[in-house]
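A look at the structure
This is what each chain is made of:
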Amino acid sequence: MTPLPITEWQTALVEMETVLKSVATALDQYEGRWAYLLREQAPPTAAAKPESLLNGLEGQLQEWDARLTAAVDLAGGVQRELSDAEAAVGRWQIRFTGWQEVIERG
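Residues numbered from 1 in each chain as written. Predicted model: local features only at pLDDT ≥ 70, side-chain atom pairs only at ≥ 80, totals over all residues. Heavy atoms only, no water.

This part is about the pattern of salt bridges. Across all of its chains, the model carries three salt bridges by this definition. Across the salt bridge formed by Lys21 and Glu17, the nearest N and O atoms sit 3.4 Å from each other. With Lys21 and Glu17 both in helix 1 (residues 6–38), this residue pair falls four residues apart, about one helical turn. Assessed through its relative accessible area of 43%, Glu17 is described here as partly exposed. (Salt bridge = Lys/Arg side-chain N within 4 Å of Asp/Glu carboxyl O. Helix = DSSP H or I, 4+ residues; strand = E, 2+ residues; numbered from the N terminus. Buried < 20%, exposed > 50% of the residue type's maximum accessible area, 1.4 Å probe, protein only.)

Okay, helix 1 next. The terminal C-alpha atoms of helix 1 lie 47 Å apart, and with 33 residues this matches the ideal 48 Å at 1.5 Å per residue to within 8%. Buried residues of helix 1: Ala12, Met16, Val19, Val23, Ala26, Tyr30 and Leu37, and no others. (Expected span 1.5 Å × (residues − 1).)

Together, Leu4, Ile6 and Ile103 make up a nonpolar patch on the protein surface, roughly 290 Å² of accessible area in all. Secondary-structure assignment places Leu4 in the segment before helix 1. (Patch = residues over 30% accessible without salt bridge, like charges linked within 9 Å, V, L, I, M, F, W, Y side chains within 5 Å. Areas by Shrake-Rupley, 256 points an atom, 1.4 Å probe, with all protein chains shown as cover.)

Looking now at the packing of aromatic side chains. This model, assessed by the stated rule, comprises four aromatic pairs. Where Trp9 meets Trp92, the ring centres are 6.0 Å apart and the plane angle is 40°; that geometry is what we call tilted. Of the two residues, Trp9 is situated in helix 1 and Trp92 in helix 2 (residues 50–105); the sequence distance between them amounts to 83 residues. We classify Trp9 as partly exposed; its relative accessible area is 28%. Using a relative accessible area of 22% as the deciding quantity, one classes Trp92 as partly exposed. Aromatic side chains Trp92 and Phe96 sit 5.5 Å apart centroid to centroid with 20° between the ring planes, which places their arrangement in the stacked category. In this pair, Trp92 and Phe96 are both assigned in helix 2, four residues apart and thus about one turn of the helix distant. (Phe/Tyr/Trp six-rings, centres within 6.5 Å; stacked < 30°, edge-to-face > 60°.)

This is how it looks when you write it as structure tokens:
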């Protein structure tokens, strides 16, 4: 009778827990960054001169461009984190299936 791979099982569970905590932490950080990127700016006052309104609008457009660029970078970071976690889950699932087969064979 083949001994059960308990040590390997426990190691894999610790690895999985670490990956899940890492993903949760990363998602919390990304959530804070998204909140910053999506915060609203106050519109310019109506009493301002047309030149200052134009400059204000241009500044807002540049700021939005910067925010959109940051959002694209942030989305890429989230995608990488999720892809890494998905790969870790896939590795764990392969191990689990192997252990299940060992257990079923006895």
